[in-house]
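# Structural features, examined
Residue strings, one per chain:
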Amino acid sequence: MSYKNLIKQISMKQKIFFRFLFSILIILILTGLTLHHKNEVRQKRIQKQREATAAAKRDLAQIRKENQIDSSLKPWYSYHGIAHALGGVDEKKYLNSVDGFYEAYRKGYHIFEMDMLLTTDRVVIGKHKWGSNLADPLTKKGKPVSSQRFLNTKIYGKYKPTTLSDVLKLMEKYPDFYLMTDSKDDKPGKVQQDFTTIVDTVKKAGKESLLDRFIVQVYNEEMYQTIEKIYPFKHVLYTTYKQPDASFYKMIQFCKANHIEGVTSPQDDINDYRMDLLKKAGLVSYTHSVNDSYQAKEYMALGVYGIYSDFLIPAKIDYAWVRANFSPFAKEFIQYTVPAYRNL
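So, how was this worked out
- Residues take numbers from 1 onward in each chain, read along the sequence in its written order.
- Since the coordinates come from a predicted model, pLDDT governs what is reported: local features require at least 70, and pairs of side-chain atoms require 80 or more to be given and counted, while whole-chain, interface and lining totals use all residues.
- To obtain the side-chain values, all non-hydrogen atoms of the structure were used and water was disregarded.
- Computed over the protein atoms alone on a 1 Å grid, cavities are sets of points where a 1.4 Å probe fits but cannot get out and pockets are open sets with protein on both sides within 12 Å along at least five of seven lines; a residue lines them when it has an atom within 4 Å of a point.
- Grid points are joined across faces, edges and corners, and a volume is the space filled by probe spheres set on the points.
- Residue classes follow a fixed rule: Ala, Val, Leu, Ile, Met, Phe, Trp, Tyr, Cys and Pro count as nonpolar, while Asp, Glu, Lys and Arg count as charged, and any other residue, Gly among them, counts as polar.
- The term salt bridge refers to a side-chain nitrogen of Lys or Arg lying within 4 Å of a carboxyl oxygen of Asp or Glu.
- For helices the rule is a DSSP run of H or I covering at least 4 residues; for strands it is a run of E covering at least 2, with both sets numbered from the N terminus onward.
- When a residue's accessible area, from a 1.4 Å probe over protein chains only, is under 20% of the maximum for its type it is buried; when over 50% it is exposed; and in between it is partly exposed.
- Here a pair means two rings of Phe, Tyr or Trp (six-membered ring of Trp) with centres within 6.5 Å. Their orientation is stacked below 30 degrees between planes, edge-to-face above 60, and tilted elsewhere.
- Whether a charge sits over a ring comes down to the Lys NZ or Arg CZ being within 6 Å of the ring centre and within 35 degrees of the ring normal.
- Working rule for contacts: check all heavy atoms of both residues, and any pair within 4.5 Å makes them a contact.
- Nonpolar side chains (Val, Leu, Ile, Met, Phe, Trp, Tyr) within 5 Å and like charges within 9 Å form the patches, drawn only from residues with over 30% relative accessible area and no salt bridge.
- All accessible areas in this document rest on Shrake-Rupley with a 1.4 Å probe, and a residue is counted as covered only by the protein chains that are shown.
- Grouping buried Ala, Val, Leu, Ile, Met, Phe, Trp, Tyr and Cys residues that are joined through side-chain atoms within 4.5 Å yields what is termed a nonpolar core.
- Every angle, taken between N-to-C directions, lies between 0 and 180 degrees, and every axis is a line fitted to C-alpha atoms, over only the stretch in contact when it is a helix.
- Relative orientations are named as follows: roughly parallel for angles under 35 degrees, roughly antiparallel for angles over 145 degrees, roughly perpendicular for angles from 65 to 115 degrees, and oblique for any other angle.
- For any helix crossing, the convention is left-handed if the near helix is rotated counterclockwise from the far helix by under a right angle, and right-handed if that rotation is clockwise.
- Consider the strands pointing away from the viewer: the crossover is right-handed when the path from the first strand over the helix to the second runs clockwise.
- Following DSSP output, two strands are said to pair if at least two bridges run between them.

## Quick word on empty space enclosed by the protein
- Scanning all chains against the criterion turns up 3 cavities of 30 Å³ or more.
- For the largest cavity, the calculated volume is near 70 Å³.
- Lining the largest cavity are 13 residues; nearest its centre among them are Gly126, Lys127, Leu134, Phe150 and Ile155.
- Residues of the lining of the largest cavity, tallied by class, amount to 7 nonpolar, 4 polar and 2 charged.

Right, here's the structure in full:
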């Protein structure tokens, strides 16, 4: 073999060797990049799981706090459930009776809405409307009666007719609930009469401090202004009916300007656009009346914060809100760790 051929052969082997080394180097670099990417993905997944766990724990702590029944008074908008007409009993609605109150309070409610009317002798009572049959709260076309006749007529022949004075006694006994008014007329003269009588009833009983636990429902700006002249209630909720979007937006501005804390809309008026407007304005949103937990979850998925209900237990309402607002992982974590939610 000549010298030139030897050199040529060695040079060829070096090229093969260097190509081999270069290939190995490329493989190592690609393998390293792949492993690094997989590790990054894994770390991000772990971080997300940690964040989800931390968020679920924070939510759990808040939920436990909200569901703890004690004598302390929490902000009314801490609660997702409102007992409609003081709560239903035996599938009976619109009772506005202390019998409904006791049932709903045992379930865990802390806000009780009460329909309020005046008797002919100007006593504030719990009743949805005057009907042809005084014992049936769902009948219509009736005329006001005296407080004596009202109190002597059991609702459905069974449940106790209830006055505002009866509820004031409950408010003293149970200091951890709010009373939400639902007066039935928004005409200025009638509003003046209704709320003057309500405030006078409380003051004459020597219980004016209880007015701080009233949540007053208003239906328009004029009603709010009329009530403000009678008494400066701390808590006000604006109730809307069939408003176009322009009026709805104007109502939100009015609420913000007057420190009104929440808005109730009928079910037909609920949509994600309006609920988003309320959320951005810092207003809690409610709808009424809902007695199915799936339906409650669907409204909450649109942005509703809470519901009025006759029969649902507050734990089901709270969990409907969890189902509507949290990831599957967070929902499972919360359901597993909150005993009240395990069988829902």
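There is more to say after this.
## Side note on the pattern of salt bridges
- On inspection of all chains with the given rule, the structure shows 11 salt bridges.
- Ionic pairing is found between glutamate 103 and arginine 106, a salt bridge with its closest N-O pair at 3.3 Å. You can see glutamate 103 and its partner arginine 106 sitting in helix H2 (residues 98-107), 3 residues apart, about one turn around the helix.
- As a salt-bridge pair, lysine 297 and glutamate 298 come within 3.0 Å of each other at their nearest N and O atoms.
- The class of lysine 297 is buried, set by a relative accessible area of 17%.
- Salt bridges here are not isolated pairs; linked through shared partners, they connect Asp115, Asp182 and Lys184.

## Things to note about the packing of aromatic side chains
- Enumeration according to the criterion identifies 20 aromatic pairs in this entry.
- For the ring pair phenylalanine 214 and phenylalanine 233, a centre distance of 6.2 Å and an interplane angle of 35° mean the geometry is tilted. Of the two residues, phenylalanine 214 sits in strand E5 (residues 214-218) while phenylalanine 233 sits in the loop between helix H6 (221-230) and strand E6 (235-239), which places them 19 residues apart along the sequence. In this pair, the class of phenylalanine 214 matches that of phenylalanine 233, namely buried.
- Judged by centre distance (6.1 Å) and plane angle (80°), the ring pair of tyrosine 286 and tyrosine 305 falls under edge-to-face. Within this pair, whereas tyrosine 286 is found in strand E8 (residues 284-288), its partner tyrosine 305 is found in the loop between helix H9 (293-301) and strand E9 (306-309), the two being separated by 19 residues in sequence. Comparing tyrosine 286 with tyrosine 305 shows no difference in burial state: the two are buried.
- Through a chain of ring-to-ring contacts, the aromatic side chains of Trp76, Tyr77, Tyr286, Tyr305, Tyr308, Trp321 and Phe326 assemble into a single cluster.
- The positively charged end of lysine 92 is found above the aromatic ring belonging to tyrosine 156, 4.5 Å away from the centroid.

## Overview of helix H4 (residues 164-173)
- Residues of H4 that are buried include every one of Leu164, Asp166, Val167, Leu168, Leu170 and Met171, and no others.
- As for H4, its buried residues are in contact with H2, strand E2 (111-118), strand E3 (124-126), strand E4 (178-183), helix H5 (188-204) and E5.

## Observations regarding a nonpolar patch on the surface
- Where nonpolar side chains cluster on the molecular surface, the patch consists of Ile24, Ile27 and Leu28 and spans about 280 Å² of accessible area.
- Examined against the element boundaries, leucine 28 turns out to sit in helix H1 (residues 3-67).

## Brief notes about the nonpolar core
- Of all hydrophobic cores here, the largest spans 61 residues; its most connected members are Phe112, Leu164, Leu179, Phe195, Phe214 and Phe233.
- Beyond its immediate stretch of four places on either side in the chain, phenylalanine 214 contacts Leu164, Leu168, Met171, Leu179, Thr181, Ile198, Val202, Phe233 and His235.

## Looking at the packing of helix H7 (residues 245-257) against helix H8 (residues 272-280)
- Axis separation between H7 and H8 bottoms out at 10 Å; the angle between their running directions is 15°. Taken together, the axis directions place H7 and H8 in an arrangement best described as roughly parallel. As for the relative orientation of H7 and H8, their crossing is right-handed in sense. Residues Asp245, Phe248 and Ile252 of H7 pack against Tyr273, Arg274, Leu277 and Leu278 of H8.
- Across the contact of H7 with H8, the residue classes break down as 5 nonpolar, no polar and 2 charged.

## A closer look at the pairing of E8
- The element E8 is largely enclosed, with a buried count of 5 among its 5 residues.
- Of the two faces of E8, the one lined by Val284, Tyr286 and His288 and the one lined by Ser285 and Thr287 are each fully buried.
- After leaving strand E7 (residues 262-266), the chain enters H8 and then returns to the sheet as E8, a path that is right-handed.
- Direction of pairing for E8 relative to E9: parallel, over a ladder of 2 bridges. In the strand pairing of E9, threonine 287 is matched with isoleucine 307.
- In this view, the connection linking E8 to its parallel neighbour E9 by way of H9 has right-handed handedness.

## Concerning the layout of surface pockets
- For the largest pocket, the calculated volume is near 310 Å³.
- Met275, Lys279, Ser285, Gly303 and Tyr305 are the residues nearest the centre of the largest pocket, which is lined by 17 residues in total.
- Mapped by element, the contributors of at least two residues to the lining of the largest pocket are H8, E8, H9 and helix H10 (314-325).
- Broken down by element, the residue count for the lining of the largest pocket peaks at 5 residues, all from H8.
- A class-by-class count of the residues in the lining of the largest pocket yields 10 nonpolar, 4 polar and 3 charged.

This is a description of form; function is not addressed.
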